[in-house]
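# Structural description and commentary
Residue strings, one per chain:
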Amino acid sequence: MTAVEDRPQMLAEEFERIALAAEREGVRMEFIHGRIGVKAVPDGDHDEIIRWVMEQCMQQRPDLWLYPERGLRVETYRKGHAKPDGVLAPKGGFAGQGEWADPGRVVMVVEVTSYDRDTDRRDRDEKPRAYAETGIPVYLLVDRDGGEVLVHSEPEDGRYVSLVRRPFGKPAVLPDPVRITLDTEPLKAWVR
């Protein structure tokens, strides 16, 4: 990245005002690595996948809750803001926090690919880097295009050093501190 590309488009506080106004109009925005991004509106299969992940988490880890669309302050650099499709944290972990919460108690973020042109850059490059920089232990990407789940873990020096790919239909083990095994067979029903 050049120095110009590396400069943030605006201050985080400016982004927060714009995102709030946009949300009133039904547009979801994120601010990652100093750039504004528009997040695609989820389709019904996307919603079913999040429901399924939530169900798996509730059954195997009732002490944790999957918060859908929870705004997080991400990155150690430039005050990024992301709204993952799901955020796994202890129940009550966000009490008293505003729209953009501190990620300190988050054990996993979940993203489900959307069928838009930005999903590759956003979900496979920018978000893993932002979540690793923040120190979030596990990033689960449900990749509908590739028919697989990607389990990123062990954040170190701004990146995840472990990446495990499991095709839909094979079990996916989510490591500590999550400690959940996903039977991914049902995911086959929610891809195009």
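Below you will find a few notes about this structure. (Residues numbered from 1 in each chain as written. Predicted model: local features only at pLDDT ≥ 70, side-chain atom pairs only at ≥ 80, totals over all residues. Heavy atoms only, no water.)

This paragraph deals with the overall build of the chain. Of the regular secondary structure elements, the chain holds four helices and 12 strands. The proportion of buried residues among the 192 residues of the chain is 46%. The contacts of the chain with a sequence gap of at least 6 include a subset with a gap of at least 24, amounting to 54%. On the chain, roughly 9,300 Å² of surface is accessible, and the fraction owed to carbon and sulfur atoms is 51%. (Helix = DSSP H or I, 4+ residues; strand = E, 2+ residues; numbered from the N terminus. Buried < 20%, exposed > 50% of the residue type's maximum accessible area, 1.4 Å probe, protein only. Contact = heavy atoms within 4.5 Å. Areas by Shrake-Rupley, 256 points an atom, 1.4 Å probe, with all protein chains shown as cover.)

For Gly44, the position within the fold is in helix H3 (residues 44–60). Spatially, the C-alpha atom of Gly44 lies 8.8 Å from that of Trp190, the residues being 146 residues apart in sequence.

Strand order in the open sheet made by the six strands is E3-E6-E7-E8-E9-E10, with mixed pairing throughout. Two strands close off the open sheet at either side, each with one partner strand: strand E3 (64–68) and strand E10 (159–167). The mean angle between the axes of side-by-side strands here comes to 20°, regardless of whether they run parallel or antiparallel. Judged from the six bridges that link them, strand E8 (residues 138–143) and strand E9 (residues 148–156) form a sheet pairing that is antiparallel. Along E9, the bridge assignment pairs Tyr139 with His152. (Pairing = 2+ DSSP bridges. Axes fitted to C-alpha atoms, helices over the stretch in contact; angles between N-to-C directions.)

What the rule picks out here adds up to two aromatic pairs. Relative to Phe94, the ring of Tyr67 lies with its centre 5.0 Å away and its plane at 85°, an arrangement referred to as edge-to-face. In this pair, Tyr67 sits in strand E3 while Phe94 sits in the loop between strand E6 (86–90) and strand E7 (108–112), placing the two residues 27 residues apart along the sequence. Judged on exposure class, the residue Tyr67 and its partner Phe94 are both buried. With a centroid separation of 5.2 Å and an interplanar angle of 65°, the aromatic rings of Tyr131 and Tyr139 are classed as edge-to-face. As far as burial versus exposure is concerned, Tyr131 and Tyr139 are alike and both buried. (Phe/Tyr/Trp six-rings, centres within 6.5 Å; stacked < 30°, edge-to-face > 60°.)

Let us look at H3. The end-to-end C-alpha separation of H3 is 24 Å, in line with the 24 Å expected for 17 residues at 1.5 Å each. Here H3 has its buried residues at His46, Ile49, Ile50, Trp52, Val53, Met54, Gln56 and Cys57. Against E3, E6, E7, E8 and strand E12 (180–183) lie the buried residues of H3. (Expected span 1.5 Å × (residues − 1).)

The next point concerns the nonpolar core. In this structure, Leu88, Met108, Leu140, Val142, Leu174, Val178 and Leu187 are the most contacted members of the largest nonpolar core, which totals 26 residues. Looking at this core, the elements that each hand over two or more residues are H3, E3, E7, E8, E9, strand E11 (171–174) and E12. For this core, the element with the most residues is H3, which contributes six residues. Not counting the four nearest positions on each side in its chain, Leu187 is found in contact with Ile49, Trp52, Val142, Val149 and Phe168. By size, the runner-up hydrophobic cluster in this structure holds 18 residues, among which are Ala82, Val87, Phe94 and Tyr139. (Core = buried A, V, L, I, M, F, W, Y, C linked by side-chain atoms within 4.5 Å.)

Moving on, we come to the pattern of salt bridges. What the rule picks out here adds up to eight salt bridges. Connected via shared salt-bridge partners are Glu48, Arg51 and Glu55. (Salt bridge = Lys/Arg side-chain N within 4 Å of Asp/Glu carboxyl O.)

Here we come to the environment of Phe168. With respect to the helices and strands, the residue Phe168 is situated in the loop between E10 and E11. Residues contacting Phe168, with those up to four places away along its chain left out, are Val142, Asp143, Arg144, Gly147, Glu148, Val149, Thr184, Leu187, Lys188 and Val191.

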